[in-house]
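Observations on the three-dimensional arrangement
Take a look at the letters that make up each chain.
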Amino acid sequence: MKYFYMGALALALSACATTQQAESSSPQDPYEGFNRKVFLFNGGVSKYALVPTAKAYEAVTPEFARDRVGDTLSNLKSPVVFANDVLQAKPARASDTLFRFVINSTVGIGGLWDAADYFGLSGHKEDFGQTLGVWGVDTGPYLIVPFLGPSNPRDLLGQGIDAALDPLNWTEFSGQPDLDDDIATARFALGTLNGSIGLVEQLETLNQQAEPYIAMRRIYMSQRDAAINDGKIDDENAFDDLPDFDEFVD
């Protein structure tokens, strides 16, 4: 998993390089022909694998348990969020992230509950793709990656760096050399299952759009820009009826 995103980036770029470019409806989407094929492939994966699995998981797992899984996974991401807060020179947000991690890891019993929220410390998301955007790095061409969905070279690289920043990806446990890999596998599986429930509803909303492919591209670009600017976008109401794909890029 440590090098998965770098491999996905290489695969996507090599596939784009060997695919004849169709006329694109956006200058930021020069590989639209390739992207549309992957979009259809991902749609098939969602229909025949993701949706049935999500519904089965929801049926056998109480909402209370799913909430505890979500809070725990969110708490485990805190070190990466903190690192990106610091790299973006946002001391107030970094302080909030640090205190949230301490409170949730103690009062919240290892992150099972978002106790910090009761103290007025709301959570936020930061990743290295956002950090690169804050630093002025261009996104590069819009890409749809098999299984991962909408992205771009900057965000794929950012996800690889986030994996390197995550302590759980390089921490070794004395006497248990495989425990770190077991934790990473469990976290990935639970994160995928928990996130898939919300994704099903979001995909239904997306598919109601006149042109789902263009709708997804617009909302992904808009939300990534908003994330870089801490939630500020040019037109707050432009995409209210479209799903939040940023929930499912981690």
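In this text the structure is predicted, and so the values were computed from the model without any measurement. (Residues numbered from 1 in each chain as written. Predicted model: local features only at pLDDT ≥ 70, side-chain atom pairs only at ≥ 80, totals over all residues. Heavy atoms only, no water.)

Our focus in this paragraph is the pattern of salt bridges. Under the criterion given, the structure shown has 14 salt bridges. Residue Glu126 is joined to Arg93 by a salt bridge in which the shortest nitrogen-to-oxygen separation is 2.8 Å. Residue Glu126 is located in the loop between α5 (91-106) and α6 (128-134), and its partner Arg93 is located in helix α5; the two are separated by 33 residues in the primary sequence. For Glu126, a relative accessible area of 4% corresponds to the buried category. On the basis of relative accessible area, Arg93 is assigned to the partly exposed category, the value being 23%. A salt bridge links Asp230 to Arg93, with the shortest nitrogen-to-oxygen separation between them at 3.7 Å. With Asp230 in the segment after α9 (212-228) and Arg93 in helix α5, this pair connects stretches of sequence that are 137 residues apart. Counted as one network, the salt bridges with shared partners bring together Asp29, Glu32, Arg36, Glu211 and Arg217. (Salt bridge = Lys/Arg side-chain N within 4 Å of Asp/Glu carboxyl O. Helix = DSSP H or I, 4+ residues; strand = E, 2+ residues; numbered from the N terminus. Buried < 20%, exposed > 50% of the residue type's maximum accessible area, 1.4 Å probe, protein only.)

For the rest of this paragraph, the subject is a nonpolar patch on the surface. Residues Phe82, Val86, Leu98, Phe101 and Val102 make up a contiguous nonpolar surface patch of roughly 390 Å² in combined accessible area. Element by element, the count of residues in the nonpolar patch is highest for α5, at three residues. Relative to the elements of secondary structure, Phe82 occurs in helix α4 (residues 78-87). Look at Phe82 and you get partly exposed, because its relative accessible area is 31%. (Patch = residues over 30% accessible without salt bridge, like charges linked within 9 Å, V, L, I, M, F, W, Y side chains within 5 Å. Areas by Shrake-Rupley, 256 points an atom, 1.4 Å probe, with all protein chains shown as cover.)

Mapped onto the elements, Pro167 comes out in the loop between α7 (153-165) and α8 (179-207). On the accessibility criterion, Pro167 (26% relative accessible area) is partly exposed. Separated by 91 residues in the primary sequence, Pro167 and Leu76 have C-alpha atoms spaced 9.4 Å apart.

This brings us to a negative patch on the surface. A cluster of acidic side chains, namely Glu172, Asp178, Asp181 and Asp182, defines a negative patch on the protein surface. Following the sequence through the fold, Asp181 ends up in helix α8. For Asp181, a relative accessible area of 42% corresponds to the partly exposed category. (Lys, Arg positive; Asp, Glu negative; His and termini not counted. Charge placed at Lys NZ, Arg CZ, Asp CG, Glu CD.)

As a further point, take helix α2 (residues 32-60). Over its 29 residues, α2 runs 39 Å from end to end, which matches the ideal 42 Å to within 8%, given 1.5 Å per residue. Bending of α2 peaks at approximately 45 degrees at the position of Ser46. Taken together, the buried positions of α2 are Glu32, Gly33, Phe34, Asn35, Val38, Phe39, Asn42, Ser46, Leu50, Ala54 and Tyr57. (Expected span 1.5 Å × (residues − 1). Bend = angle between axes of the 7 residues up to and from the residue.)

Before going further, it helps to spend a moment on the confidence of the model for the protein. For the protein, per-residue confidence averages 85 on the pLDDT scale, and 83% of positions sit at 70 or higher. A low-confidence stretch, residues 1-15 stays under pLDDT 50, and its non-local contacts, those more than four residues away or across chains, total 22 contacts. Between residues 17-22, whose pLDDT stays under 50, and residues either more than four places distant or in other chains, the model counts five contacts. (pLDDT = per-residue confidence, 0-100. Contact = heavy atoms within 4.5 Å.)

Here we come to the nonpolar core. Formed by 14 residues in total, the largest nonpolar core has its most connected members in Phe39, Tyr142, Ile144, Leu203, Leu206, Tyr213 and Met216. The set of elements that each furnish at least two residues to this core consists of α2, α8 and α9. (Core = buried A, V, L, I, M, F, W, Y, C linked by side-chain atoms within 4.5 Å.)

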